[in-house]
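Notes for the structure review
Listed below are the residues making up each chain.
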Amino acid sequence: MAASAPGRVNLIGEHVDYNGGPVLPMAVARRTAVVAGLGHGFQAASTRDDVVDRFDPDGPMRGGWTDFLAGVVRALRRRGLAPAGAALAAASTVPVGGGLSSSAALAVAAARALAALGGHALTGAELARVAWEAEHDEVGVRCGTMDQTIAALAQPGKALLYETATGVTRQLPFRGKLWLVDTGVRHRLADGGYNQRRAECDEALALLRGAGWELPHLAAYPPARLPASLPPHLARRVAHVATETSRTRAAAEALGRGDLRTVGKLMYESHRSLQHDYAASCEEADVLVESAERLGAWGARLTGAGWGGTVVVLADERSAPRLILDLQAQFARIYGRVPEAWATRASGGAKREAARG
Ligand code: GLA
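So, here is what we can say about the structure in this document. (Residues numbered from 1 in each chain as written. Predicted model: local features only at pLDDT ≥ 70, side-chain atom pairs only at ≥ 80, totals over all residues. Heavy atoms only, no water.)

1. Looking at the overall build of the chain
Here is the rule: A run of H or I in DSSP becomes a helix once it reaches four residues, and a run of E becomes a strand once it reaches two; helices and strands are each numbered from the N terminus. For a compact globule the rule gives 2.2 Å times the number of residues to the power 0.38, and the radius of gyration it is set against comes from C-alpha atoms. Three exposure classes are used, based on accessible area relative to the maximum for each residue type with a 1.4 Å probe and protein chains only: buried under 20%, partly exposed in between, and exposed over 50%. In this analysis, two residues are considered to be in contact whenever any of their non-hydrogen atoms come within 4.5 Å of each other. The protein chains shown are the only cover counted for residues, whose accessible areas, like all others here, come from Shrake-Rupley with a 1.4 Å probe. Asp and Glu count as negative and Lys and Arg as positive, but His and the ends of the chain are not part of the count. Each charge is placed at NZ for Lys, CZ for Arg, CG for Asp and CD for Glu.
Scanning the chain from terminus to terminus reveals 9 helices and 13 strands. Relative to a compact globule of 357 residues, whose C-alpha radius of gyration would be 21 Å, the chain shows 20 Å and is just as compact. Here the chain, with 357 residues, has 55% of them falling under the buried criterion. Excluding contacts between residues fewer than 6 apart, the proportion of contacts in the chain whose partners are at least 24 apart in sequence is 71%. When the accessible surface of the chain is split by element, carbon and sulfur atoms take 53% of a total near 14600 Å². Counting 41 positive and 36 negative side-chain charges, the chain places the centres of these two groups 5 Å from one another.

2. Let's talk about the sheet that holds strand 13 (residues 351–352)
Spelled out, the test is: Whether two strands pair comes down to DSSP finding at least two bridges between them. Between the N-to-C directions of two axes lies an angle of 0 to 180 degrees, each axis being a line fitted to C-alpha atoms and, for a helix, fitted only over the stretch in contact.
Spatially, 5-4-6-3-1-13 is the arrangement adopted by the 6 strands of the open sheet, whose pairing is mixed. What marks the edges here is a single partner per strand, and that holds for strand 5 (52–55) and strand 13. Note that strand 1 (residues 2–10) and strand 13 share 2 bridges and pair antiparallel. In the strand pairing of strand 13, A3 is matched with R352. Contacts from helix 2 (residues 102–117) reach strand 1, strand 3 (25–38), strand 6 (86–92) and strand 13 within the one sheet, and its direction differs from that of strand 3 by about 40 degrees. Across the face of the sheet, helix 4 (residues 146–153) comes into contact with strand 1 and strand 3 while running at roughly 125 degrees to strand 1.

3. As for unusual backbone geometry
One non-glycine residue with positive phi stands out, namely H15, at about 60 degrees. Within the secondary structure, H15 sits in the loop between strand 1 and strand 2 (22–23). Despite not being glycine, A279 shows a phi value in the positive range, around 50 degrees. According to the relative accessible area criterion, A279 is partly exposed, its value standing at 30%.

4. Quick look at the site of the ligand
Definition in use: Definition of nearness: a residue and a molecule or strand are near each other if at least one heavy atom of the residue lies within 4 Å of the molecule or strand. Polar contacts here mean pairs of N or O atoms no more than 3.5 Å apart (in protein, one a potential hydrogen donor and the other a potential acceptor; neighbouring residues in sequence count only if both atoms are side-chain atoms). Amino acids outside the nonpolar list (Ala, Val, Leu, Ile, Met, Phe, Trp, Tyr, Cys, Pro) and the charged list (Asp, Glu, Lys, Arg) are all regarded as polar, and Gly is one of them.
The immediate surroundings of the ligand are formed by 13 residues, with E14, H15, D17, D147 and Y194 found nearest. Between D17 and the ligand, the recorded distance is 2.5 Å, taken from a side-chain N or O atom to an oxygen atom. One nitrogen or oxygen atom from the side chain of D147 is found 2.6 Å from an oxygen atom belonging to the ligand. Surface burial for the ligand is 98%, taken as the share of its 310 Å² of free accessible area covered by protein chains. Of the residues belonging to the shell around the ligand, the class tally is 6 nonpolar, 3 polar and 4 charged.

5. Brief notes about the sheet that holds strand 2
Sheets are built from strands that pair by backbone hydrogen bonding, the pairs being arranged parallel or antiparallel. Taking strand neighbours across the sheet as the criterion, the 3 strands line up as 2-7-8 in an open arrangement whose pairing is antiparallel. Each edge of the open sheet is held by one strand with a lone partner, namely strand 2 and strand 8 (169–173). Sheet topology note: the strand 7 (residues 158–163)/strand 8 ladder contains 5 bridges and is antiparallel. Within strand 8, the position partnered with A159 by the bridge is L172. Against the sheet, helix 4 touches strand 2, strand 7 and strand 8, its axis set at about 140 degrees to strand 7.

6. Observations regarding the pattern of salt bridges
Pairs can form between side chains of opposite charge whenever their charged atoms are close. What counts is decided by this rule: For salt bridges, the criterion is a side-chain nitrogen of Lys or Arg within 4 Å of an Asp or Glu carboxyl oxygen.
In total, this model carries 22 salt bridges according to the counting rule given. Two residues, R79 and E133, come together in a salt bridge whose shortest N-O distance is 2.8 Å. Of the two residues, R79 is situated in the loop between helix 1 (66–78) and strand 6 and E133 in helix 3 (residues 124–139); the sequence distance between them amounts to 54 residues.

7. Structural notes on the packing of helix 1 against helix 2
Heads up, the rule is: For classification purposes, angles smaller than 35 degrees are called roughly parallel, those larger than 145 roughly antiparallel, those between 65 and 115 roughly perpendicular, and all remaining angles oblique. The crossing is said to be left-handed when, going from far helix to near helix, the turn is anticlockwise and less than a right angle, and right-handed when the turn is clockwise.
Between helix 1 and helix 2, the shortest axis-to-axis distance is 9 Å and the interhelical angle comes to 45 degrees. With respect to helix 2, the axis of helix 1 lies oblique. With respect to the hand of their crossing, helix 1 and helix 2 are arranged in right-handed fashion. Contact residues: helix 1 offers F68, L69, V72, V73 and L76, while helix 2 offers S103, L106, A107, A110, A111, L114 and A115.

This is the structure we're talking about:
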């Protein structure tokens, strides 16, 4: 059985999925494929290294990529959907650590292939849930639900407005192209910054509730009010979450009427909020976003968990190729290397890859 799932880019709505806010991601045209056959015990090979590795879903996590497969097996087992053993092979064109959700692509593709091996077809929402449990509960990454959801539910030519508090989703047409520019700076999601921000958001929510605010989640805090009663760094985190929530809804509306310039303006604002209030950017990303703005792009921002990874650029399709070359040249003058850049349209989500012939 073979299945594949895409990486994703988040247009806007960063660090709000674990705060109950809306996100607006779409699938990119780079995917991870997983082939699964029945086996004794579990073994896996990947085109990224040259070994066939045995792994034990009942054993401790080992800190490698097969942890995600072990996590998927466990999450499927809880539902009675996992095969007793499997031989798996993975191949991917999603860059690892580039902020494009390579791990969700792997987990979703593996869940699709392994469930199919046992003769089960999961709905998109079930697939997303299995992959999220694998990453969150089993591997122990404190991620939100955006990445698995878009990898499972994406449709070609559509961005997905996903309200994380209610689970309501809406497919919005996105017929343009996006350019992705890799800062070359790598983060590890499980590392400090992300978990620290999550803890700060939890702390801020507890303090606001203690001060009498009736908030179901942090994204419900009104954007126009600065939470003066909080310590300054927590007030800035809340300001980001609240303003990002309203920017994302505004961007979804603008996208609905095909107004990409407004989407772009909101992307710049989102980046500045991520940079100053959430303190989750990096210098290379700030340089790229500022240069993109000077060069006339409609919008640009760091996408994904932050502290490195990929800057997404929205620009007029005709002038974009030239603009991206200039952007690369400006970056190269400062950092002495040309950042990788590629274009994508909104792609499709997880699917079975049928054998041909
Ligand atoms: C990572 C997480 C997501 C989300 C983003 C930030 O990609 O996996 O759940 O929190 O960071 O928006």
